[in-house]
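# Coordinate inspection notes
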Amino acid sequence: MKLRKILAAAMALTVVCGAQTALTVYQPDGGITAVAEGEEEETTGVLSEVEEFGIKYWIYEDHAEVRECDDTKMSYDEIEYDNYTKRSYYVILPSSVEDVPVTRIAEYAFNESKLDTIYIPDTVTSICAYAFAKSGLDSITIPDSVTEIGAYAFDNCHGMESVTLSKKLETIGEEAFHFCGFSSIILPEGLKKIDYGAFSSCDNLTSIKIPESCTDIRGFPFYNCEKLESVTLPDGMVEISNQMFDGCTSLSSITFPDSVRKIGERAFAETGFTSIDIPEGITTIFTGAFWGCKNLTSVTIPSTCSNFGYFEGTKWGGVFEGCSELTSVTISEGVTKIPENAFNGCKNLTYITLPESVHSIEDYAFSRCTSLESISIHEKTTGISTLAFISNFDMEPIPWLESKRKENPLVIVNNVIIDARTCKGDVVIPDGVERIPDWTFNYCEGLTSVTIPKNTRNIGYNYAFKKGSDVTIYGYTGSNAEWWANYYELPFIALEEPATTTETTATTTTTTTTTEETTTTTAETTTEATTTTEETTTEATTTETTTEATTTASETTTAPETTTEPVTATVTTPAKEVSFGDPTGDGKIDATDATFTLVEYAKMSTGGESALTSEETAAADVNGDGKVDSKDASAILGYYSYLSTGGDKSFKDYLAE
C-alpha cells in the first residue's frame, strides 16, 4: 500500500512539473511489466502496451491513450467510519507514457469501475464514449485541453456531485452526463454542440445557462430533470429542440429570446408552467409542445404562429393536450387551424373564441373538454372534423355539443355537418351542405334513411356510413349520393328531378297609391318569374323582369303605403373559397381533396356528368391538361404527403420540380 502511494506521488510530481521523462513501468507487486502486443482489440498503429497501477495504456508513434483499468490493482485510500472501513479508489494519469503524450481516454476505459477520483493531465484532448459510464466517480475536473466529451462518457454516474468542464469544450456527446448527481454545472462560452439527452434525468440539477455560442442543441438534452427551476436561453437561439425540457416538473416559467421561431415536439411537456405568453415571432409550435402541463391556466398563441400543431413524421400528442387546469386561451388572428388533439383533455376550459383566420378544426381538437359550454366559430371556418368534439366514443360529450344536439341531432355549423351520432329514423340533409365528412353516420343506432341533396358533392371515404347496413340513401340518379351508396353497399332510391320552373328567392316591394278607380303598382324582381298575390279585391300580375304592371280594381282599395314581404325563405351559404389544389374549399390541401378529385373522375369515367363548377374544375386540374382525372388526384395526394413530412414549398413550386 505504501509503495503504491509513493509511486502515485512521484507520478503526480512529474505531471505537475511538466516533465516528459519516460515512464518506468512498475507493477504494484514490485515487478516490471514487459511491453506486450495488443491482444483481443484492434491494435492498428499500436507500438506497445504498458500497465501501471491497474491502468493499461496503448502507445502509438505520437501519442498514448488510456485503454482500461483493473480495479484489483487500482490505488486506494481507506476511510474509517463508525462501523466499517471504505476504500476510496483514485487514479493519477501521467502526462506522458514512453515519451509520448497521453491525449485520449478511450472507450470504456473506466466503465463500471470502482473509481472515485481521477486526475486528468492537460495533455488529454478527448474523453471517449462510455469512458467513465457507471463508475463510482464522486467528482471530476476536466482540463481545459479537452475539446470533446463522447457519448455516454459519464452515463449513470449518479454519485458524481461535482463536475468542472473544460473552458475549451466544444462538444458534449449523446447522454454524456445522463443520470448524474450534480446540482449545477457551468457550460463554457465556446461550447458549440449539446447532443441528444446530454443531461437527461439529472434529477438534482436545479439551474442551467446555455451560452450564446451553442447553436446545435439536439433532442431531449434536459429531459426529466425534475428539480430544474431556472433556465437561461441565449440570444440568437432559433429553435427550442424536441423534448428539450420534457418532464422538468419544477420549471414554472421561462423567457423566450426574440430570436426563437420554433418550439419543438414536447419541448415543455409535463413542465410546471402556470401561464405562458408565447411571443410574436414564433412561427411553429410542434405537436405535444406543452402536453400534460397540469398547472397551466392561461396561454396566448401569437398571430405569427402559422404552423400550430406542426409535426414531422410522428405526432406526439396535442399541443396542449391534458392541460387539465387550462381556463383561458387566446388565439390570435393569423392562426389558421386548431390541430388534432390541440386541447384534448382540457377539462376546465369553459369557453373559447376562434378568429376569422382559422379555417379548420381537426380530429379530437376539443375532446374531453367536459366543461366547454361556449365556442365561437367564425362563418369562414368550414373544415370542421366530425371528431373534433367527440370524446372516448362519446362517453364524455362536451356541454356545447350536447346543447347543439338538443336543438337538432344533425348538428350543422357553417353548412358543415359536425355531428350526427344521435340521429335516428329518417334524416334529411338540407340544401347548402356540400360535404358529409368521415365518420358522420357510422355510429348511428336506429337510423333508417338519409336524404342527400343534389349539391352535396363530397362524401367521406372513411366510415361516413356503416358499410353494408340497411340505411337507405335517397338521392338523385347519377349524383354523388348514388355513387357513394354503391361504395358503402347501401340501398339507393332515386328522387324525382325537381320541376324545370325555377323559383327564385327575392323580395317584392309594393307601393300602392289610393285612388277612386285605379291603383298603380311597381314591382321589381331579379329574374323572369310569375307571382300572383291576392288581397281583398285587388289582383296584381308581374310578367317580366323590371317592368311596370297596372291593376284595375272595381272598388277603391286602401293599403299601407309600403309593404315588404319575402316571396321565398332562404338559407345563407358562406361562399366556398376554392383554390389551386383545394377543390373542396376547406382552406387546406390534403387527402380529402385527392379523394374528391378521384371520385369525380370515377363518376365521369362511368358515364356520369360532372357536378363540378368551373372554379372547382380549375382547382382540381392541377396538371393543367384540361381534364380532371387520377393524375390530378395523385399529384394532390403527393403534395399532401410532402407537406406532412415538413415540406414548405407552394403546390406550384412542388409541381415544377
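This text gives an overview of the structure that appears in the document.

Analysis parameters
- Residues numbered from 1 in each chain as written.
- Predicted model: local features only at pLDDT ≥ 70, side-chain atom pairs only at ≥ 80, totals over all residues.
- Heavy atoms only, no water.
- Helix = DSSP H or I, 4+ residues; strand = E, 2+ residues; numbered from the N terminus.
- Contact = heavy atoms within 4.5 Å.
- Patch = residues over 30% accessible without salt bridge, like charges linked within 9 Å, V, L, I, M, F, W, Y side chains within 5 Å.
- Areas by Shrake-Rupley, 256 points an atom, 1.4 Å probe, with all protein chains shown as cover.
- Salt bridge = Lys/Arg side-chain N within 4 Å of Asp/Glu carboxyl O.
- Buried < 20%, exposed > 50% of the residue type's maximum accessible area, 1.4 Å probe, protein only.
- Pairing = 2+ DSSP bridges.

Scanning the protein chain from N- to C-terminus turns up seven helices and 43 strands. Intrachain contacts of the protein chain at a sequence separation of at least 6 include 38% that bridge at least 24 residues.

Attention shifts here to a nonpolar patch on the surface. Residues I79, Y81 and Y84 make up a contiguous nonpolar surface patch of roughly 300 Å² in combined accessible area. Along the polypeptide, I79 turns up in strand β4 (residues 76-80).

Positive phi, normally seen in glycine, also occurs at Y364, with a value near 60°. In this model, E489 sits at a positive phi of 60°, which is unusual for a non-glycine residue.

Take the environment of G236 next. Positionally, G236 belongs in the loop between β17 (230-232) and β18 (239-240). Taking C-alpha positions, G236 is 7.9 Å from D258, a pair spaced 22 residues apart along the chain.

Here we take up the pattern of salt bridges. A complete count under the given rule lists 22 salt bridges for this structure. A salt bridge links E51 to K73, with the nearest nitrogen and oxygen atoms 3.3 Å apart. Of this pair, E51 sits in strand β1 (residues 48-52) while K73 sits in the loop between β3 (64-69) and β4, and the two are 22 residues apart along the sequence. Put simply, R266 and D246 hold a salt bridge, and the shortest N to O gap is 2.9 Å. Taken together, the residues R266 in the loop between β19 (262-263) and β20 (275-277) and D246 in the loop between β18 and β19 connect sequence positions 20 residues apart. For the pair shown, R266 and D246 are each scored as buried. Among the ionic contacts, a cluster of salt bridges with common partners joins E65, R67, R104 and E107.

Right, let's get into the pairing of strand β34 (residues 447-451). Most of β34 sits out of view: four of its five residues are buried. The pairing of strand β32 (residues 425-428) with β34 spans four bridges and is parallel. If you follow V428 over to β34, its bridge partner there is T451. As paired elements, β34 and strand β36 (residues 472-475) share three bridges and run parallel to each other. Looking at β36, one finds that T451 is bridged to Y474.

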